[in-house]
Amino acid sequence: MKPLMLQGHQRAITQIKYNREGDLIFSSAKDSKPCVWYSLNGERLGTFNGHIGAVWCVDVDWTTTRLITGAGDMNTFLWDVETGTALGKIPCNSSVRTCNFSFSGNQAFYSTDRAMNHPCELFVIDVRNIDSSISSADPVLKLTMNEQQSKITSMLWGALDETVITGHENGSLRIWDLRAVKELNSVNDHTASITDMQMSSDGTMFVSSSKDCSAKLFDSDSLMCLKTYKTERPVNSASISPLFEHVALGGGQDAMEVTTTSTQAGKFDSRFFHLVYEEEFARVKGHFGPINSMAFHPDGKSFATGGEDGFVRIQVFDSSYYEHTFE
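Residues numbered from 1 in each chain as written. Predicted model: local features only at pLDDT ≥ 70, side-chain atom pairs only at ≥ 80, totals over all residues. Heavy atoms only, no water.

This part takes up the nonpolar core. Counting residues in each nonpolar core, the largest one holds 15 residues, and the members touching the most others are L78, Y110, I125 and V127. Here this core gets three residues from one element, more than from any other, and that element is strand β10 (residues 96–101). In contact with Y110, not counting residues within four places along its chain, are T76, I90, C92, V96, T98, C99, E121, L122, F123, I125 and M155. Judged by nonpolar contacts, the second largest core, of 13 residues, contains C120, M155, V164 and W176. (Core = buried A, V, L, I, M, F, W, Y, C linked by side-chain atoms within 4.5 Å. Buried < 20%, exposed > 50% of the residue type's maximum accessible area, 1.4 Å probe, protein only. Helix = DSSP H or I, 4+ residues; strand = E, 2+ residues; numbered from the N terminus. Contact = heavy atoms within 4.5 Å.)

What follows is about the packing of aromatic side chains. For the structure on display, the rule yields 20 aromatic pairs. On the basis of an interplanar angle of 35 degrees and a centroid distance of 6.4 Å, the ring pair of F26 and F48 is categorised as tilted. Within this pair, whereas F26 is found in strand β3 (residues 24–29), its partner F48 is found in the loop between β5 (44–47) and β6 (55–60), the two being separated by 22 residues in sequence. Under the relative-accessibility criterion, F48 is labelled buried at 2%. Here the aromatic rings of Y321 and Y322 are separated by 5.6 Å at their centres, their planes lie at 80 degrees, and the arrangement is edge-to-face. Given a relative accessible area of 9%, Y321 falls into the buried group. Each member of the aromatic cluster is reached from another via a ring pair, and the members are F244, F272, F281, F296, F303, F317, Y321 and Y322. When the ring centre of W62 is taken as reference, the NZ or CZ atom of R20 above it lies at 3.7 Å. The ring of W37 has R44 sitting right over it, with the charged end atom 5.9 Å from the ring centre. (Phe/Tyr/Trp six-rings, centres within 6.5 Å; stacked < 30°, edge-to-face > 60°. Lys NZ or Arg CZ within 6 Å of the ring centre and 35° of its normal.)

Glancing now at the sheet that holds strand β15 (residues 163–168). The strand order β14-β15-β16-β17 describes an open sheet built from four strands, whose pairing is antiparallel. A strand with exactly one partner marks an edge of an open sheet, and here the two such strands are β14 (152–157) and β17 (182–187). Strand-to-strand twist in this sheet, taken as the mean axis angle between neighbours without regard to direction, amounts to 25 degrees. Summarising the sheet, strand β16 (residues 173–177) and β17 pair through five bridges and their orientation is antiparallel. Opposite I175, over in β17, you have N185 as the bridge partner. (Pairing = 2+ DSSP bridges. Axes fitted to C-alpha atoms, helices over the stretch in contact; angles between N-to-C directions.)

The next thing to look at is the UniProt feature "repeat: WD" (unreviewed entry) in the protein chain. Feature annotation in UniProt assigns "repeat: WD" (unreviewed entry) to the following positions: residues 6–47, 48–89, 145–186, 187–228 and 284–314. This span, residues 6–47, is 0% helix and 52% strand, and a straight line between its end C-alpha atoms measures 13 Å. (UniProt positions renumbered as here; feature names shortened; annotations may be inferred.)

With that settled, the discussion passes to the sheet that holds strand β7 (residues 66–71). Taken in spatial order, the four strands line up as β6-β7-β8-β9 in an open sheet, and their pairing is antiparallel. Each having just a single partner strand, β6 and β9 (86–91) make up the two edges of the open sheet. In this sheet, adjacent strand axes meet at a mean angle of 15 degrees when their direction is disregarded. One ladder, built from five bridges, connects β7 with strand β8 (residues 75–80); its direction is antiparallel. For G70, the partnering residue across the bridge sits in β8 and is T76.

Attention now goes to the side chain of S94. Here S94 is to be found in the loop between β9 and β10. Within polar-contact distance, the side chain of S94 engages the backbone oxygen of D113 at 2.5 Å. Setting aside its immediate chain neighbours within four residues, S94 contacts M74, T112, D113, A115 and M116. (Polar contact = N/O pair within 3.5 Å; in protein donor to acceptor, adjacent residues only side chain to side chain.)

On to unusual backbone geometry, then. Most peptide bonds are trans, and most residues other than glycine sit at a negative phi. Even without being a glycine, M74 presents a positive backbone phi close to 65 degrees. Looking at the secondary structure, you find M74 in the loop between β7 and β8. Judged by its relative accessible area of 31%, M74 is partly exposed. Located in the positive-phi region is E278, a residue other than glycine, with phi close to 60 degrees. Inspection of the secondary structure assignment puts E278 in the loop between β24 (270–274) and β25 (280–284).

In structure tokens, the structure reads:
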């Protein structure tokens, strides 16, 4: 099956997300305009205009009515998906690195970088009724990271919206209780910065990718490391298939070192590993640069990757993928 090439961003893709039904893909890039696309034919529906810096993160809520984006212009925007209008804008002290809606869609969180004498902070906000007053409203909760905890680079909501799992620049993973406002547990299985974390479809496990050239599967309650998927280059994103016991990894070398190698040596392929056996069984070529973000379609029959080359590629699996068995 020929992949769909979605060309609409001028600069490198930073994150892509499917909505719950999987009919739309939301992509954010370093060109300040998040886009929304039809995942079936790759047609661009529109853009969300308002940011003036690189957009680092994007997330859509369960009902596909709201979108949240965080950017290097030190703002978090909340958007109406249908019309593309900005519902609210929250000014921050430094650039916004991660953002996510909770499963219920009543709350969202975002985290800011440690920069300009401001510490790395995690904010939880109520997004049930958004209007222009949200820019001055107090967050529901604010957690400040100290020196040992290092900067948050990726985040997930835990079970029942009661906990938050954070991945940090020093490779540590921490789980926070939002009601008691305290750290419940932390593990240091990764040795370098966490680049991405994605839940499995049932929420019992999540996969984390890291610059230490591996991705690991964790239990989302106890943070126990269950499996490790090793590669020989930094992993920028990893995703768990909702259909099979497969994990897809995307990466490549750092963007600044790309020009020194050919596409073959750069290994900008998506790699597929078996969830349980930790064995690589497939590779998909495509991008001309490192893959920065990847996501499985909610039905597990296709996947999308966003690269440093500014393209989003949607690859639909052939019949051989479904017939493949492990001996």
